[in-house]
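So the chains spell out like this:
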Amino acid sequence: MFTAEDAARPVHAGADHPRVPVAKIGVLVANLGTPDGYDYWSMRRYLNEFLSDRRVIDYSPWIWQPLLQGVILSKRPFSSGAAYKSIWNEEEGESPLMTITKAQTAKLTQRLKAEYGDRVEVDFCMRYGNPSTASRVRRMVKEGCQKILFFPLYPQYAGATTATANDEFFRSLLKEKWQPAARTAPAYFDRPTYIDALAKSVERVWGAMHEKPELLIASYHGVPRRYLMEGDPYHCQCQKTTRLLRERLGWPEDRLITTFQSRFGPEEWLKPYTVEEVARQARENGVRRIAVMAPAFSADCIETLEEINEEIRESFEEAGGEQFTYIPCLNDDDDHIEALAEVVRENLAGWI
């Protein structure tokens, strides 16, 4: 009888035949990306790739590209570079997002190897910057991955994050002579294991504090409001994550609220804006102690370590706030890794 073990054995051919490796299954996790450094040219290359993505900025290229290549990429690399420099992991010579994604991949590899052995190959890529999606797909195919599960590490689906990561994955497959079977993992915004991991991260912070925050804000990365009206489910999935987290914590509605950060450009984005809402809570509602978390980010990055912990903190304190607490992303927390492993297990069904 022909078994799975038979299928996994390498093909033996003549000396003039290329080597065919043992068949494996690849699990390729993906995050947004990071510049290679915070110098001007590294930042310019990264921002050019990111801001040229039509999923991110969907204005007509005839209008957008002259503006991007002229004014924006002449100035923004300096300010963005300064922001990255303030959080850069100088010891490793990389951004915190890169450091954390490596740690997540290592733990996920350990977890899946314990269950599946050498039949599963785990690696990571970035949508923008390095390591590129195409380079990691190429490596996996070369190592014998005849099936690949592509897993964008975005809990909530958005066209500007999940979809563009998937686009790049599919473009990478176009280059392969022997194209592997492919699957993409869905968003995990409402999975009980993910919600429980978020709740535990809040409970750990609350448990260590003498004076508890009066309000917890779940700050999600923003998108133009127009995307919601065009059918993007991101806004609704963010709201559901907050509601499920609040229910898991057993809190009243007014103790945990949803806001959106990182607005860019002149049009209206999803509201309320985090930077304005924290100030309003201090100024109008007399909130003096506040905590902010970022459930849309699987790993701490420039938007959390610099924007939340510096810009948004300053907005709160300048409006009269006294105690600002940032709750880190789930990063490589064991509960988070188990939630990710659960997604992988379900999506490998029928393959292994």
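An account of the accompanying structure is given in this report. (Residues numbered from 1 in each chain as written. Predicted model: local features only at pLDDT ≥ 70, side-chain atom pairs only at ≥ 80, totals over all residues. Heavy atoms only, no water.)

**A few points about helix α5 (residues 133–142)**
Consideration 1: Within α5, the full set of buried residues consists of T133, V137, M140 and V141. Taken around the axis of α5, the buried residues stretch over an arc of 100 degrees, which confines them to a single face.
Consideration 2: Each element contacted by the buried residues of α5 is listed here: β1 (24–34), β2 (120–129), β3 (145–152) and α6 (159–173).
Consideration 3: Phi turns positive one or two residues past the end of α5, at G144, with a value near 100 degrees. (Buried < 20%, exposed > 50% of the residue type's maximum accessible area, 1.4 Å probe, protein only. Helix = DSSP H or I, 4+ residues; strand = E, 2+ residues; numbered from the N terminus. Arc of directions from axis to C-beta. Contact = heavy atoms within 4.5 Å.)

**Concerning unusual backbone geometry**
Consideration 1: A cis amide bond links N130 with the next residue in sequence, P131, at an omega value of -5 degrees.
Consideration 2: With respect to the helices and strands, P131 occurs in the loop between β2 and α5.
Consideration 3: Following K271, the chain continues to P272 via a peptide bond in cis, the omega torsion being 0 degrees.
Consideration 4: At S262, a position not held by glycine, the phi torsion is positive, near 65 degrees.

**Observations regarding the sheet that holds β3**
Consideration 1: In space, the four strands of this open sheet follow the order β2-β1-β3-β4, with parallel pairing throughout. At either end of the open sheet lies a strand with only one pairing partner, and these are β2 and β4 (181–184). Strand-to-strand, the axes of this sheet are offset by a mean angle of 25 degrees, without reference to chain direction.
Consideration 2: Pairing between β3 and β4: four bridges, direction parallel. By the bridge assignment for β4, L149 is matched with R183. (Pairing = 2+ DSSP bridges. Axes fitted to C-alpha atoms, helices over the stretch in contact; angles between N-to-C directions.)

**Quick word on the nonpolar core**
Consideration 1: Formed by 75 residues in total, the largest nonpolar core has its most connected members in F151, L216, Y234 and L348.
Consideration 2: Among the elements that line this core, the one with the most residues is helix α7 (residues 192–207), at eight residues.
Consideration 3: Contact partners of F151, with chain neighbours within four places excluded, come to L28, V29, A30, A185, Y188, L340, V343 and V344.
Consideration 4: Counting 31 residues, the second largest nonpolar core, distinct from the first, contains F50, W64, L68 and I302. (Core = buried A, V, L, I, M, F, W, Y, C linked by side-chain atoms within 4.5 Å.)

**Some details on the environment of P131**
Consideration 1: What makes P131 buried here is its relative accessible area of 11%.
Consideration 2: Residues P131 and V202, spaced 71 residues apart in sequence, show a C-alpha to C-alpha distance of 32 Å.
Consideration 3: When sequence neighbours within four positions are dropped, the list of residues in contact with P131 reads M98, F124, C125, M126 and R136.

**Concerning the pattern of salt bridges**
Consideration 1: Applying the stated criterion across every chain yields a total of 33 salt bridges.
Consideration 2: For the salt bridge of D123 with R136, the shortest nitrogen-to-oxygen distance reads 2.6 Å. Remark: R136 occurs in helix α5 and D123 occurs in strand β2; sequence separation between them is 13 residues.
Consideration 3: Judged by its relative accessible area of 7%, D123 falls in the buried class.
Consideration 4: Where E168 meets R127, a salt bridge forms, and the shortest distance between an N and an O atom there is 3.7 Å. Pair noted here: E168 is in helix α6 and R127 is in strand β2, with a separation of 41 residues, a long-range link.
Consideration 5: Through salt bridges with shared partners, a single network forms among K24, E121, D123, R136 and R139. (Salt bridge = Lys/Arg side-chain N within 4 Å of Asp/Glu carboxyl O.)

**A look at the packing of helix α2 (residues 40–51) against helix α3 (residues 61–87)**
Consideration 1: Contact geometry of α2 with α3 gives a least axis separation of 8 Å together with a crossing angle of 130 degrees. Relative to α3, α2 is oriented oblique. For the crossing formed where α2 meets α3, the hand is right-handed. Seen from α2, the contacting residues are Y40, M43, R44, Y46, L47, N48 and L51; seen from α3, they are W64, L68, Q69, I72, L73, S74, R76, P77, F78, S80, G81 and Y84. (Parallel < 35°, antiparallel > 145°, perpendicular 65-115°, else oblique. Left-handed = near helix turned anticlockwise from the far one by under 90°.)

**Notes on the sheet that holds strand β5 (residues 215–221)**
Consideration 1: Pairing within the open sheet is parallel, and its four strands lie in the order β6-β5-β7-β8. Sheet topology places β6 (256–261) and β8 (323–326) at the edges, where each strand pairs with a single neighbour. Averaged over all pairs of adjacent strands, the angle between strand axes in this sheet comes to 25 degrees, irrespective of strand direction.
Consideration 2: Note: β5 against strand β7 (residues 289–293), four bridges, orientation parallel. Counted as the bridge partner of I217 is V292 from β7.
Consideration 3: Each of β5, β6 and β7 is contacted by helix α9 (residues 234–249), which is oriented at about 150 degrees to β6, the strand it contacts most.
Consideration 4: Helix α11 (residues 302–318) rests against β5, β6, β7 and β8 of the sheet, and its axis sits at about 165 degrees to β8.

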